[in-house]
Amino acid sequence: MNDYHENLGQDDMITKQKRFQFLRRATADSLLWRLLAESLPEHKGKYAAAIAAMIMVAATTALSAWVMGKIVDAMSDTQNKEHLYGVAAIVFLIFMAKGVASFAQTVLMARAGNRIVAEKQILLFKHLLSQGIAFFNTTESSDLLLRVTQSAQMARNVIDVVVTGFVRDSLTLIGLVAVMFYQQPILSLIALVVGPAAVIGVRLILGKVRVIMAQEMAGLTEIIKVVQETSTGARVIKAFALEDIMQKRMNSAVRDVEKRSNKMVRLESATSPLMDTLTGAAIASIVLLSSISIAGQSAGTPGQLMSFVTAFLMAYEPAKRLSRMRVTIEAGMMGVRMMYNLLDQPINLSEAPDACELAVGPGEVTLDHVSFGYAGDTSVIRNLNLTFEAGKTTALVGPSGAGKSTILNLILRLYDPVEGAVRIDGQDIRKATFPSLRQKIAFVGQDTFLFSNTVMGNLRVARPEATDEEVFEAARVAYAHDFIESLPNGYRTPIGENGAFLSGGQRQRLSITRAILRRAPILLLDEATSALDSQSEAYIRDALESVSAGVTTIVIAHRLATVMNADRIIYLETGQVTEQGTLQELLAKGGAFKKLYETQFRNG
Ligand code: ATP
């Protein structure tokens, strides 16, 4: 009984594996078709010209084998000068035409290929930009980097191999085989017996290449990841003396890739000795057979034999490429799979098809029966009703993990509620276009992201059309102007990667300058003061007060001053409002807020 079950299990496994292999092959093939169907028709002009050049290459290659016979015949009859000159001229013309056609084919294929790479990379990046925050939370940047930079290139290689293989190599092979049969039909039949043997040999190698290629890609991703983490986490690495660990990670990733690359080359090149040996055996047998038939008076002229042997030798290269075509395609399909994998990722947060501009209003923000969880559940916020009054400052307080930042994320529409709606002046923000929604909101987060640009360039992202004077004015209000002026090139100082030479307070003041420059009716502040000295904190407090005047401000409050200045305080606990009111009201109530006030704020 047990045996029966075990066997059943095994059979089941084998069937499953077979089905899996079949599916894998089927998807690989369907992806290949998809790649070709998307790319070739769009560039049909370029490919048509390249294919015409390839036909020319194939024809001239076959002709060059054919003309060898004529050369031998002409050389053995040097008395006939006219014939000799004619053959010389034909040889010259054939080889010149072959050279021109090869050049045209290479340039035209490269142009079409480079265009496809450029288009696919733009498409990949566009898709990336349209993704919601949830996508970036779960996808590693090193993986994205590799996908955008490498996969399009690999897809182009696949197209190159397919077009060149099916057109140039196949036609060349057909032309050369035709020359062989024309010159020596019986010897040709014998020579062709070696073909299938070679194909079987190459097929055996095929299965392994795909697996190694996938592992190699994983290794490359790891290398990028280690370099990226070393650059962004340099301070932590130094502070915790993690150099050895990082070096070990890098060493192991690099060695892995080295090993895989060697294995890959070994496998790919394994086809060469196989084919070379078979070709050698074939030529040797032909030499023997031809001598027999010459003795039996049935062979053609020396010219015909020469032409036949030349065609046979020339057929080796295209035949080799064709027999390896599947292997090369398999290796490249890894990139194609990676590319479509990214392109087919559904966009989890998109603009409604009938989205319209968010109408300008006083800036009242409402959470209407909102439930939300990051995993599509309702674990973070459940049935929350909240109104942030227009033009007023509301402080959000509560223990860590209560859902304060989540509320800001929902107002920014970085995520959509699972149930209920977020409204601005009564309008559901899911029905608004992204630009019109985000123009109404200025956001100052805990960490300020700075682009590799000048200070001015970094500030202008908030409002590209702002004049220099407007930027200076905003910086003055944010107490940033003086320190910017003291930088080596003032506003024109390049900030470098994420402003590493600026202090935490300076970075935050730049962030506030951006918010002021935005002139948005709603201001979201994720206040962070723990990293700041009291001088910077005082600057920032003053700066924020001047920004929030008359603006609907929602601030995650960590400082007593913010709580005291707020028009209203909302106390959150596990996604629920447990207390709300003015400072006095909440203190009088003597609940959780009062406790927090007494422990955290008063000491602060
Ligand atoms: P803090 O004061 O510590 O910043 P918070 O009140 O702002 O806390 P949130 O950041 O809103 O709290 O987090 C609420 C809950 O949601 C927490 O349990 C947190 O673990 C979870 N959470 C936050 N961001 C994500 C995310 N991107 N993916 C999954 N879960 C998240």
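Note: the structure precedes this text.
Please read all numbers here as calculations on a predicted model, not as lab measurements.

Visitor: How should I be thinking about the sheet that holds strand S5 (residues 427–428) in this particular structure?
Guide: Within a sheet, neighbouring strands are paired by backbone hydrogen bonds and run either parallel or antiparallel to one another. Sheet architecture is open: four strands sit in the order S2-S1-S4-S5, paired in antiparallel fashion. In this open sheet, the two edge strands, each paired with only one partner strand, are strand S2 (381–388) and S5. Examined bridge by bridge, strand S1 (residues 365–372) and S2 share five bridges and lie antiparallel to one another. Each residue of the ladder has a partner; that of Val365, found in S2, is Phe388. Along the sheet face, helix H12 (residues 404–411) touches S1, S2 and strand S4 (419–424) and points at about 70° away from the line of S2.

Visitor: Help me understand the packing of helix H2 (residues 44–75) against helix H11 (residues 302–343) in this model?
Guide: A pair of packed helices can be characterised by two numbers: the angle between their axes and the separation between those axes. Packing of H2 against H11 brings their axes to within 7 Å, and their N-to-C directions diverge by 155°. Accordingly, the angle class assigned to the pair H2 and H11 is roughly antiparallel. H11 is crossed by H2, and the crossing has right-handed handedness. Of the residues in H11, those in contact with Thr61, Ser64, Ala65, Trp66, Met68, Gly69, Val72 and Asp73 of H2 are Pro302, Gly303, Met306, Ser307, Thr310, Ala311 and Met314. Of the residues assigned to the contact of H2 with H11, the class counts are eight nonpolar, six polar and one charged.

Visitor: Help me out: how do you make sense of the packing of aromatic side chains in this one?
Guide: Two numbers describe a pair of aromatic rings. These are the distance of the centres and the angle of the planes. Taken as a whole and judged by the stated rule, the model has seven aromatic pairs. Ring centres 5.6 Å apart and planes at 55° place the aromatic pair Phe372 and Tyr415 in the tilted group. Of the two residues, Phe372 sits in strand S1 while Tyr415 sits in the loop between H12 and S4, which places them 43 residues apart along the sequence. Arranged with centres 5.1 Å apart and planes meeting at 85°, the rings of Phe449 and Phe451 form a pair that is edge-to-face. What links up through ring pairs into an aromatic cluster is the set Phe372, Tyr374 and Tyr415.

What counts and what doesn't
Residues numbered from 1 in each chain as written. Predicted model: local features only at pLDDT ≥ 70, side-chain atom pairs only at ≥ 80, totals over all residues. Heavy atoms only, no water. Pairing = 2+ DSSP bridges. Helix = DSSP H or I, 4+ residues; strand = E, 2+ residues; numbered from the N terminus. Contact = heavy atoms within 4.5 Å. Axes fitted to C-alpha atoms, helices over the stretch in contact; angles between N-to-C directions. Parallel < 35°, antiparallel > 145°, perpendicular 65-115°, else oblique. Left-handed = near helix turned anticlockwise from the far one by under 90°. Nonpolar A, V, L, I, M, F, W, Y, C, P; charged D, E, K, R; others polar. Phe/Tyr/Trp six-rings, centres within 6.5 Å; stacked < 30°, edge-to-face > 60°.

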